[in-house]
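Here is how the chains run, residue by residue.
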Amino acid sequence: MPDVVIVGGGPVGLFLACELRLAGCEVIVLEREPQPHTAWKALPLGMRGLNPASVEAFYRRGMLSALGVDEEPRTSPRNVSHFAGMTLDPAKVRFTTLPSPALDAVMTSLEAVETVLSERAVELGVRIERGVVVDAVAQDDQYVEATAGGRTYRARWLVGCDGGRSAVRGLAGFEFVGTGPQLTGYTALATIADPEKLRPGFNLTPDGMYLRMPIGGHLGLMDFDGGAYDRSQPPTREHLQAVLRRISGTDVTLSDVQLVSTFTDRAMQATTYRRGRVLLAGDAAHIHSPLGGQGLNLGIGDAMNLGWKLAATVHGYAPGGLLDTYTTERHPVGARILDWSRAQVAVMRPGGSATALQGVVRDLLATADGTTYVFERVSGLCGRYDVGSEHPLAGRDAPDFRLEDGTSLGELLREGCGVLLDFRGGLEDVARGRPGRIRHVAGPARDDLGLDAVLIRPDGVVAWAGEPGEVERAAGRWFGAPVAAAVDAPASSGPWAASEPG
Ligand SMILES: Cc1cc2nc3c(=O)[nH]c(=O)nc-3n(C[C@H](O)[C@H](O)[C@H](O)COP(=O)(O)OP(=O)(O)OC[C@H]3O[C@@H](n4cnc5c(N)ncnc54)[C@H](O)[C@@H]3O)c2cc1C
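Residues numbered from 1 in each chain as written. Predicted model: local features only at pLDDT ≥ 70, side-chain atom pairs only at ≥ 80, totals over all residues. Heavy atoms only, no water.

Enquirer: When you look at the pairing of strand β22 (residues 418-422) in this model, what are you seeing that I'm missing?
Expert: Most of β22 is tucked away, with 5 of its 5 residues classed as buried. By the alternation rule, side chains of β22 split into Gly 418, Leu 420 and Asp 422 and Val 419 and Leu 421, which are all buried. Note that β22 and strand β23 (residues 438-442) share 5 bridges and pair parallel. Residue pairing in the sheet places Asp 422 in a bridge with Ala 442 of β23. (Buried < 20%, exposed > 50% of the residue type's maximum accessible area, 1.4 Å probe, protein only. Helix = DSSP H or I, 4+ residues; strand = E, 2+ residues; numbered from the N terminus. Pairing = 2+ DSSP bridges.)

If you want it as structure tokens, here you go:
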């Protein structure tokens, strides 16, 4: 019997499967689609932007180069995204951190992300079953069962990563609340007979927004129709052309439409991410408009946060309440992203009020403070969880500390366990009592930011920093009580002696 059944083998389900397997759990992924690749996942329609936090997640699990991203450390971002179509100027971002390869947003495709993750999942020993459509979920206080076409899969835990129309969410009785649609969005691949009639890039017009991407006939449209369009059928060429003509104010002709789909700006979120033995992650837990490209990033953040906590629960060493911190930490992050996407829609609405608002936002983005604020929000690097410590670094994403031999924190996190960077030495007992949970690394760093030591969770969040007297309490809070038998095990010592995870 697997420890965890994951329903949905999209990017979030696959990322989570890798996390759990890395931590030694038996995992099975049930995926509806018989084939992994579709035209929707490939470029140009499958184009997705990974924010620096997601890039960092791939870096910390050793998958960045597989995504084609170089691992050269940098101190400032070179490209930073946009707000409601208004591009940010990276030169205006005031953001200081230790050098890291994960400061830039990266454009990739769903296909590339899923390929990297499924290859990694298979390499780690995750079982992926395709063509399996889960249609029933039942749980008691010991087990949970997913049923697909009469076949039942039983496990200790189940995670619904089955996307925005999640079956698991409804079947397990999660409440899903939020705001209704104001617009119908279209994303399409079309042959444009007279492309010179459309301006390239984002275009806000008195009737909506159209986006002409640089690649072929890739179009995006936002029609503020109150979400009235019937999305049960794909739109016809005639309909798409009529909407495009109205919004662009041109008589542009679409001679052919190869692919088209619709979306709305409904912004909804599950009120909790856990009900008993069932959890939600990714779009199954929250949906919003694709504006600002945050859905996938939010989902990868969920998977990084949940994986190690669920693994500790499976293995029986999780401190009380650890699993519930998944909701308490991730729900507010999701709620902020939903509001961020609502704000962008408000700024892009046709009409005098939104035009006035656009002017205000443009003025703010002309300043370093305004651009830095937006960068901090969209990068995903600047949030803070309450980890029970007042230290300015506690609860934040850890800077990429680099040891004197050049080894980086990102590399030390690849095994998926916590890391205790012990710059002055003497804290080896904290890790020795928790084999396989904390990796102890003693010795000086190239830049230790004036700290004695830092305890970092497997998801890269600082659990504790500063006074050595408090480290044991913090370790207990996040990594559970020490194992008595392990106290006699040999500890690492000496400059840059990194203990292997057990
Ligand atoms: C046009 C567009 C552009 C976007 N751009 C960006 C961007 O730039 N950056 C960004 O961060 N996000 C972006 N997003 C959002 C992003 O694509 C999603 O947030 C992300 O794909 C969610 O991943 P997921 O794994 O949670 O869900 P999904 O990708 O939806 O995967 C869910 C999986 O579950 C499977 N499944 C569903 N039901 C069942 C069932 N009953 N049984 C078994 N399997 C099931 C599905 O087949 C699917 O494989 C964009 C979205 C759109 C529409």
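Additional details are given in the paragraphs that follow.
Enquirer: How do you make sense of the packing of helix α7 (residues 325-348) against helix α8 (residues 352-365) when you look at a structure like this?
Expert: How two helices sit against one another is set out by the angle between their axes and by the gap between those axes. Running from N to C, α7 and α8 point in directions that differ by 115°, and their axes come no closer than 7 Å. Contact with α7, carried on its side by Ala 346, Val 347 and Met 348, involves Ala 354, Leu 357, Gln 358 and Val 361 of α8 and no other residues of that element. Taken together, the residues of the contact of α7 with α8 sort by class into 6 nonpolar, 1 polar and no charged. (Axes fitted to C-alpha atoms, helices over the stretch in contact; angles between N-to-C directions. Contact = heavy atoms within 4.5 Å. Nonpolar A, V, L, I, M, F, W, Y, C, P; charged D, E, K, R; others polar.)

Enquirer: It is not clear to me how the confidence of the model for the protein should be interpreted in this structure. Could you clarify?
Expert: Regions with low pLDDT carry predicted coordinates that are not meant to be interpreted in detail. Mean pLDDT over the protein stands at 93; residues scoring 70 or higher make up 96%. In the model, residues 486-502 has pLDDT below 50 throughout and makes 39 contacts with residues more than four positions away in sequence or in other chains. (pLDDT = per-residue confidence, 0-100.)

Enquirer: For this particular structure, what's the right way to read the state of the cysteines?
Expert: Where two cysteines share a covalent bond between their sulfur atoms, that bond is called a disulfide. This structure, assessed with the given rule, holds 0 disulfides. Just so you know, Cys 417 is unpaired, no disulfide at all, and the nearest cysteine sulfur is the one on Cys 25, 14 Å from it. The class for Cys 417 is buried, based on a relative accessible area of 5%. (Disulfide = S-S within 2.5 Å.)

Enquirer: Is there a simple way to think about the nonpolar core in this case?
Expert: If you look at the biggest cluster of nonpolar residues, it comprises 68 residues, and the most contacted ones within it are Ile 6, Phe 15, Leu 20, Phe 58, Val 159 and Leu 310. Every residue in contact with Leu 20, bar those within four places of it in the chain, is listed here: Val 4, Ile 6, Cys 25, Val 27, Gly 307, Leu 310 and Ala 311. (Core = buried A, V, L, I, M, F, W, Y, C linked by side-chain atoms within 4.5 Å.)

Enquirer: Sorry, what's going on with the domain arrangement of the protein here?
Expert: Accessible area lost when the parts come together is the quantity often used to give the size of an interface. Entries for the protein in the domain assignment read domain 1 (4-177 + 268-379), domain 2 (184-264) and domain 3 (409-498). Between the C-alpha centres of domain 2 and domain 3 there is a distance of 53 Å. (Domains from an automatic or database assignment.)

Enquirer: Mind showing me how you'd approach the sheet that holds strand β16 (residues 218-223) here?
Expert: In spatial order, the strands read β14-β15-β16-β13-β17; together these 5 strands make up an open sheet with antiparallel pairing. The open sheet has two free edges, formed respectively by β14 (201-205) and β17 (254-264), since each of these has just one partner strand. The mean angle between the axes of side-by-side strands here comes to 20°, regardless of whether they run parallel or antiparallel. Two strands pair when backbone bridges link them, and strand β13 (residues 184-192) and β16 are joined in this way by 6 bridges, in the antiparallel orientation. Each residue of the ladder has a partner; that of Leu 189, found in β16, is His 218. Packing of helix α5 (residues 237-248) onto the sheet brings it into contact with β13, β14, β15 (208-212), β16 and β17, and relative to β17 it is tilted by some 80°.

Enquirer: Could you clarify how one ought to interpret the site of the ligand in this entry?
Expert: The local shell around the ligand holds 26 residues, among which Glu 31, Arg 48, Gly 49, Asp 283 and Leu 296 are the closest. Contacts to the ligand include Val 134, whose backbone N or O atom sits 3.0 Å from a nitrogen atom. In isolation the ligand offers 1000 Å² of accessible surface; the protein chains occlude 83% of this area. Elements with a minimum of two residues in the shell around the ligand: α1 (11-22), β2 (27-31), β3 (47-50) and α6 (295-315). Per-element tally for the shell around the ligand: the top contributor is α6, with 3 residues. In terms of residue class, the shell around the ligand is built from 11 nonpolar, 9 polar and 6 charged. (Near = heavy atom within 4 Å. Polar contact = N/O pair within 3.5 Å; in protein donor to acceptor, adjacent residues only side chain to side chain. Areas by Shrake-Rupley, 256 points an atom, 1.4 Å probe, with all protein chains shown as cover.)

Enquirer: What am I meant to see in the packing of aromatic side chains here?
Expert: The description of an aromatic ring pair rests on the distance of the ring centres and on the angle between the ring planes. If you walk through the whole model with that rule in mind, you get 9 aromatic pairs. Plain terms: the ring middles of Trp 308 and Trp 478 are 6.4 Å apart, the flat faces sit at 55° to each other, and that makes the pair tilted. One end of the pair, Trp 308, is in helix α6; the other, Trp 478, is in helix α12 (residues 471-479), with 170 residues separating them in the sequence. For the pair Trp 308 and Trp 478, one class covers both residues: buried. Every member of this aromatic cluster is reached through a ring pair, and the members are Phe 83, Trp 340 and Tyr 373. The ring centre of Phe 176 lies 3.5 Å from the NZ or CZ of Arg 169, which sits over that ring. Seen from the ring of Tyr 317, Arg 437 lies directly overhead, with NZ or CZ sitting 4.2 Å from the centre. (Phe/Tyr/Trp six-rings, centres within 6.5 Å; stacked < 30°, edge-to-face > 60°. Lys NZ or Arg CZ within 6 Å of the ring centre and 35° of its normal.)

Enquirer: Explain helix α2 (residues 52-60) here, please?
Expert: Along an α-helix, a turn takes 3.6 residues, which lines up residues three or four apart on a common side. Counting buried positions along α2 gives 8 out of 9 residues, so the element sits mostly inside the fold. Directly beyond the C-terminal end of α2, a positive phi value near 70° is found at Gly 62.

Enquirer: Explain the packing of α2 against α6 to me, please; I cannot follow it from the model alone.
Expert: Across the interface, α2 lies against α6 with an axial gap of 9 Å and an inter-helix angle of 40°. One finds that α2 runs oblique with respect to α6. Regarding α2 and α6, the two cross each other, and that crossing is left-handed. Residues Ser 54, Ala 57 and Phe 58 of α2 lie in contact with α6, whose contacting residues are Asn 297, Ile 300 and Met 304. (Parallel < 35°, antiparallel > 145°, perpendicular 65-115°, else oblique. Left-handed = near helix turned anticlockwise from the far one by under 90°.)

Enquirer: Looking at this structure, I do not really get the sheet that holds β2. What am I missing?
Expert: Strand pairing in a sheet is mediated by backbone hydrogen bonds. Such pairs are either parallel or antiparallel. Spatially, β7-β2-β1-β11-β20-β19 is the arrangement adopted by the 6 strands of the open sheet, whose pairing is mixed. Whereas interior strands pair on both sides, the edge strands pair on one side only; in this sheet they are β7 (127-130) and β19 (274-275). Judged from the 4 bridges that link them, strand β1 (residues 4-7) and β2 form a sheet pairing that is parallel. Note on β2: the bridge partner recorded for Val 4 is Val 27. Running at roughly 165° to strand β11 (residues 157-160), α6 makes contact with β1, β11 and β20 (278-280) of the sheet.

Enquirer: What should I look at first to understand the environment of Trp 340 in this one?
Expert: In this fold, Trp 340 is placed in helix α7. Taking the relative accessible area as the measure of exposure, Trp 340 reaches 9% and is therefore buried. C-alpha separation for the pair Trp 340 and Gln 294, spaced 46 residues apart in sequence, amounts to 9.4 Å. Here Trp 340 is in contact with Phe 83, Tyr 373, Val 374, Arg 377 and Val 378, once residues within four sequence places are set aside.

Enquirer: Could you clarify how one ought to interpret the side chain of Asp 302 in this entry?
Expert: One can find Asp 302 in helix α6. Among the polar contacts listed, one links the side chain of Asp 302 to the side chain of Arg 330, at a separation of 2.9 Å.

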